[in-house]
Amino acid sequence: MQVSSSWPVLVLWTFVATVVCGCSTQEERKPVGEPRTSYAEMAAPASAPHYTLQPGDTAVKPVLDKQVSPVYPPTLVRPGAAPVTVVVQLVMDENGRVRAVHPQPGTADGPAHALFEAAVEQAVMQWTFTPMWVRHPRGDGTYEVTQKPFSLWYVFDFKMAGGKPVVESGRR
């Protein structure tokens, strides 16, 4: 695929800064309907593998394209239920489809926690993202553009609020 090199330099440096520095912006999403659900991308742990860009390479951060909200497990809805947090790593293929969900061990214990993890997995397996694109200059003013698989971390908080089940997230 050939792309003209006439892209504004500012856009290229913005992409480089975003990828290299690990910076990201979060779009606030307002939950719609019941139960209320929100989520936020979590900063990747230092141990998570990263792509190493070559000089001149740029990458376009994937964006959540389609979301399905997790459902609070109905059998666990009761007044005064303790909040439960589920932390997961989503692994996407080069087209932005979720291919695996890895819950972070130790975020909670007990058999009920498995129901919360299952609710998250059932929802996020339906999510799609825009692809992560990496552009490498060929030296003749054109670029080689490739799609890469990627992973992102998310945190989901399940709680009861005003007698109703709520699933939300905060940036960690």
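Residues numbered from 1 in each chain as written. Predicted model: local features only at pLDDT ≥ 70, side-chain atom pairs only at ≥ 80, totals over all residues. Heavy atoms only, no water.

## Some thoughts on the overall build of the protein chain
Right, so step 1: Helix and strand content of the protein chain: two helices and 10 strands.
Right, so step 2: Along the protein chain, helices and strands appear, N-terminal first, in the series α-β-β-β-β-β-α-β-β-β-β-β.
Right, so step 3: Within the span of the protein chain, comprising 172 residues, buried residues form 34% of the whole.
Right, so step 4: Counting only contacts in the protein chain whose residues sit at least 6 apart along the sequence, the fraction spanning at least 24 positions is 73%.
Right, so step 5: Counting only carbon and sulfur atoms, one obtains 57% of the accessible surface of the protein chain, whose full area is about 10100 Å². (Helix = DSSP H or I, 4+ residues; strand = E, 2+ residues; numbered from the N terminus. Buried < 20%, exposed > 50% of the residue type's maximum accessible area, 1.4 Å probe, protein only. Contact = heavy atoms within 4.5 Å. Areas by Shrake-Rupley, 256 points an atom, 1.4 Å probe, with all protein chains shown as cover.)

## Points about the pattern of salt bridges
Right, so step 1: As enumerated under the stated definition, the model contains three salt bridges in all.
Right, so step 2: The partner of Asp93 in a salt bridge is Arg97, with the nearest N and O atoms 3.2 Å apart.
Right, so step 3: When the shortest N-O distance is used, the salt bridge between Arg99 and Asp93 registers 3.0 Å. (Salt bridge = Lys/Arg side-chain N within 4 Å of Asp/Glu carboxyl O.)

## A closer look at the packing of aromatic side chains
Right, so step 1: Tallied over the full model, the rule gives eight aromatic pairs.
Right, so step 2: On the numbers, 5.3 Å between centres and 85 degrees between planes, the contact of Trp127 with Tyr154 is edge-to-face. Here the residue Trp127 occupies a position in the loop between helix H2 (111-124) and strand E6 (128-129), and Tyr154 occupies one in strand E9 (residues 150-161), the gap between them amounting to 27 residues.
Right, so step 3: Classification of Tyr154 as buried rests on a relative accessible area of 4%.
Right, so step 4: Residues Trp127 and Phe156 carry aromatic rings whose centres are separated by 6.0 Å and whose planes lie at 55 degrees to one another, so their mutual orientation is tilted. Pair noted here: Trp127 is in the loop between H2 and E6 and Phe156 is in strand E9, with a separation of 29 residues, a long-range link. Note on accessibility: Trp127 and Phe156 belong to one class, buried.
Right, so step 5: Taken together, Trp127, Phe129, Phe150, Tyr154 and Phe156 form an aromatic cluster joined through their ring pairs.
Right, so step 6: It is Arg135 that lies over the ring of Tyr143; its NZ or CZ is 3.8 Å from the centre. (Phe/Tyr/Trp six-rings, centres within 6.5 Å; stacked < 30°, edge-to-face > 60°. Lys NZ or Arg CZ within 6 Å of the ring centre and 35° of its normal.)

## What about the sheet that holds strand E2 (residues 58-60)?
Right, so step 1: Pairing in this open sheet of three strands is antiparallel, and the strands run E2-E7-E8 from one edge to the other. A single partner strand is all that each edge strand has here, and the edge strands are E2 and strand E8 (143-148). The mean inter-strand angle of the sheet, taken between neighbouring strand axes irrespective of direction, is 20 degrees.
Right, so step 2: Examined bridge by bridge, strand E7 (residues 132-137) and E8 share six bridges and lie antiparallel to one another. Paired with Met132 across the bridge in E8 is Lys148. (Pairing = 2+ DSSP bridges. Axes fitted to C-alpha atoms, helices over the stretch in contact; angles between N-to-C directions.)

## Some details on the confidence of the model for the protein chain
Right, so step 1: Of the residues in the protein chain, 67% have a pLDDT of 70 or more, and the chain-wide mean is 77.
Right, so step 2: Taking the mean pLDDT of every element in the protein chain, the minimum, 41, falls on helix H1 (residues 9-21) and the maximum, 96, on E6.
Right, so step 3: This stretch, residues 1-37, has a pLDDT under 50; its non-local contacts, to residues over four places away or in other chains, come to 57 contacts. (pLDDT = per-residue confidence, 0-100.)

## Notes on H2
Right, so step 1: With 14 residues, H2 should cover 20 Å at 1.5 Å per step; its first-to-last C-alpha distance of 21 Å lies within 8% of that length.
Right, so step 2: Buried within H2 we find His113, Phe116, Ala119, Val120, Ala123 and Val124. All buried residues of H2 project into a common sector of 120 degrees when viewed along the axis, lining one side. What points out from H2, more than 90 degrees from its buried face, is the exposed set Pro111 and Gln122.
Right, so step 3: Buried residues along H2 sit against strand E4 (84-92), strand E5 (98-103) and E9. (Expected span 1.5 Å × (residues − 1). Arc of directions from axis to C-beta.)

## Describing the pairing of strand E10 (residues 164-168)
Right, so step 1: Two strands pair when backbone bridges link them, and E9 and E10 are joined in this way by five bridges, in the antiparallel orientation. Pairing of Phe158 across the sheet is with Val167, part of E10.
Right, so step 2: Hairpin connection between E9 and E10: a loop of two residues separates the two successive antiparallel strands, and Gly162 in this loop has a positive phi of roughly 60 degrees.

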